[in-house]
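# Tertiary structure, described
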Amino acid sequence: SGPIDNPRGALVVLEGLDRSGKTSQASGLLSYLERLGLSAELWRFPDRNTCVGQMISSYLTNKSHLDDQTIHLLFSANRWEKRSLMESKLKSGTTLIVDRYSYSGVAFSSAKGLDIEWCKGPERGLLAPDLVVYLNIPPEKASERGGYGGEKYEQLEFQRKVAQHYEILHDATWKIVDACLPMEDVAKQLQELVLDCVTKCQEGKPLSNLWS
Ligand code: FDM
């Protein structure tokens, strides 16, 4: 069976600062794809449901302390433990909309001062997204939106650093959407980008690995 008989799903990643609208846009995208009759699922990282995810969650809610390298590797392990399921879903034709991925991993950890190449190391060999959309919002604007929760990284000063580190990671495959636009306009742009990407994957665009 060739790519036409057995089309694969697309791996779509949404990135952006806290309060950039990723989570709402991701669920909007899911219903859009379902309305088109496509098989799709919403994923997010960290996935707090696994044992590793619970360690991450207790770190983020300040219930435990871990040094920067250790938490970085846990975030990465949390993606590795999902890699084979991710691959089989994609190969069976399901499109995955993923709220945060390795770019969050590298941007947040390098914003704390870790070397960017060191941060990328454990991410190599994970599945490469077919599309990364960055929801672009100035940190100040994001912080005005209904306020942050109480988690570890939800502070304006740190979010500014994260924004700078995301900028270093941008490459030609990223699509940047202005997250300050009205929600419906952001949604429209996302829908177009995602549909185009899903089509390319159906037409046989191969899956590849990240940063290798
Ligand atoms: N985060 C998320 C990281 O520091 N590294 C990662 O690899 C990932 C996936 O965890 F502040 C940070 C980003 C955010 C926090 O994310 C929790 P959510 O989206 O708020 O659950």
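Residues numbered from 1 in each chain as written. Predicted model: local features only at pLDDT ≥ 70, side-chain atom pairs only at ≥ 80, totals over all residues. Heavy atoms only, no water.

An unreviewed UniProt entry annotates the protein chain as Thymidylate kinase of Macleaya cordata. As its UniProt record puts it under Pathway (unreviewed entry), the protein chain is described as follows: "Pyrimidine metabolism; dTTP biosynthesis." Listed in UniProt under the heading Sequence similarities (unreviewed entry), the comment for the protein chain reads: "Belongs to the thymidylate kinase family." (UniProt positions renumbered as here; feature names shortened; annotations may be inferred.)

### Considerations on the pattern of salt bridges
One pass over the structure, following the stated rule, counts 15 salt bridges. Of the charged contacts, one joins Glu41 and Lys89 as a salt bridge, the two residues approaching to 2.7 Å between their closest N and O atoms. Highlighted residues: Glu41 in strand E2 (residues 40–44) and Lys89 in helix H3 (residues 68–91), separated in sequence by 48 residues. Here Asp130 makes a salt bridge to Lys205, at a shortest N to O gap of 2.6 Å. With a gap of 75 residues between them, Asp130 in the loop between helix H5 (116–120) and strand E4 (131–136) and Lys205 in the segment after helix H8 (183–202) connect regions that are remote in the sequence. On the accessibility criterion, Asp130 (14% relative accessible area) is buried. What you see here is one network of salt bridges that share partners, running through Arg8, Asp130 and Lys205. (Salt bridge = Lys/Arg side-chain N within 4 Å of Asp/Glu carboxyl O. Helix = DSSP H or I, 4+ residues; strand = E, 2+ residues; numbered from the N terminus. Buried < 20%, exposed > 50% of the residue type's maximum accessible area, 1.4 Å probe, protein only.)

### Points about helix H4 (residues 102–111)
Most of H4 sits inside the fold, with ten of its ten residues counted as buried. For H4, the complete set of buried residues consists of Ser102, Tyr103, Ser104, Gly105, Val106, Ala107, Phe108, Ser109, Ser110 and Ala111. Where H4 is buried, its residues touch strand E1 (11–16), H3, H5, E4, helix H7 (156–169) and strand E5 (174–178). (Contact = heavy atoms within 4.5 Å.)

### Quick word on the layout of surface pockets
Quantified by volume, the largest pocket comes out at close to 650 Å³. Lining of the largest pocket is provided by 33 residues; of these, Asp18, Arg19, Lys22, Arg44 and Arg100 occupy positions nearest its centre. For the lining of the largest pocket, the secondary-structure elements that each account for two or more residues are helix H1 (22–35), H3, H4 and H8. Class assignment for the residues of the lining of the largest pocket results in twelve nonpolar, ten polar and eleven charged. (1 Å grid on protein atoms, 1.4 Å probe; cavity = no way out; pocket = protein on both sides within 12 Å on 5 of 7 lines; lining within 4 Å. Points joined across faces, edges and corners; volume = space filled by probe spheres on them. Nonpolar A, V, L, I, M, F, W, Y, C, P; charged D, E, K, R; others polar.)

### Considerations on the packing of H4 against H7
The interhelical angle for the contact between H4 and H7, taken along N-to-C directions, is 125°, at an axis separation of 8 Å. Considering their axes alone, H4 and H7 lie oblique with respect to each other. Between H4 and H7 lies a crossing of right-handed hand. Where H4 approaches H7, its residues Tyr103, Ser104, Val106, Ala107, Phe108, Ser110 and Ala111 are matched on the opposing element by Phe158, Gln159, Lys161, Val162, His165, Tyr166 and Leu169. (Axes fitted to C-alpha atoms, helices over the stretch in contact; angles between N-to-C directions. Parallel < 35°, antiparallel > 145°, perpendicular 65-115°, else oblique. Left-handed = near helix turned anticlockwise from the far one by under 90°.)

### Quick word on the sheet that holds E1
In spatial order, the strands read E2-E3-E1-E4-E5; together these five strands make up an open sheet with parallel pairing. The open sheet has two edge strands, E2 and E5, and neither has a second partner. In this sheet, neighbouring strand axes are inclined to one another by 20° on average, regardless of whether the strands run parallel or antiparallel. With four bridges connecting them, E1 and strand E3 (residues 95–99) associate as parallel partners. Following the sheet pairing, Val13 is matched in E3 by Val98. Of the strands in this sheet, E1, E2 and E3 touch H3, which is tilted by about 160° from E2. (Pairing = 2+ DSSP bridges.)

### Quick notes on the environment of Pro138
Checked against the element boundaries, Pro138 lands in the loop between E4 and helix H6 (139–144). Spatially, the C-alpha atoms of Pro138 and Arg44 are 23 Å apart, while their sequence positions differ by 94 residues.

### Considerations on the UniProt feature "domain: Thymidylate kinase-like" (unreviewed entry) in the protein chain
When the UniProt feature table is mapped onto this chain, "domain: Thymidylate kinase-like" (unreviewed entry) is found at residues 14–189. Annotated as 51% helix and 14% strand, the span residues 14–189 places its first and last C-alpha atoms 13 Å apart.

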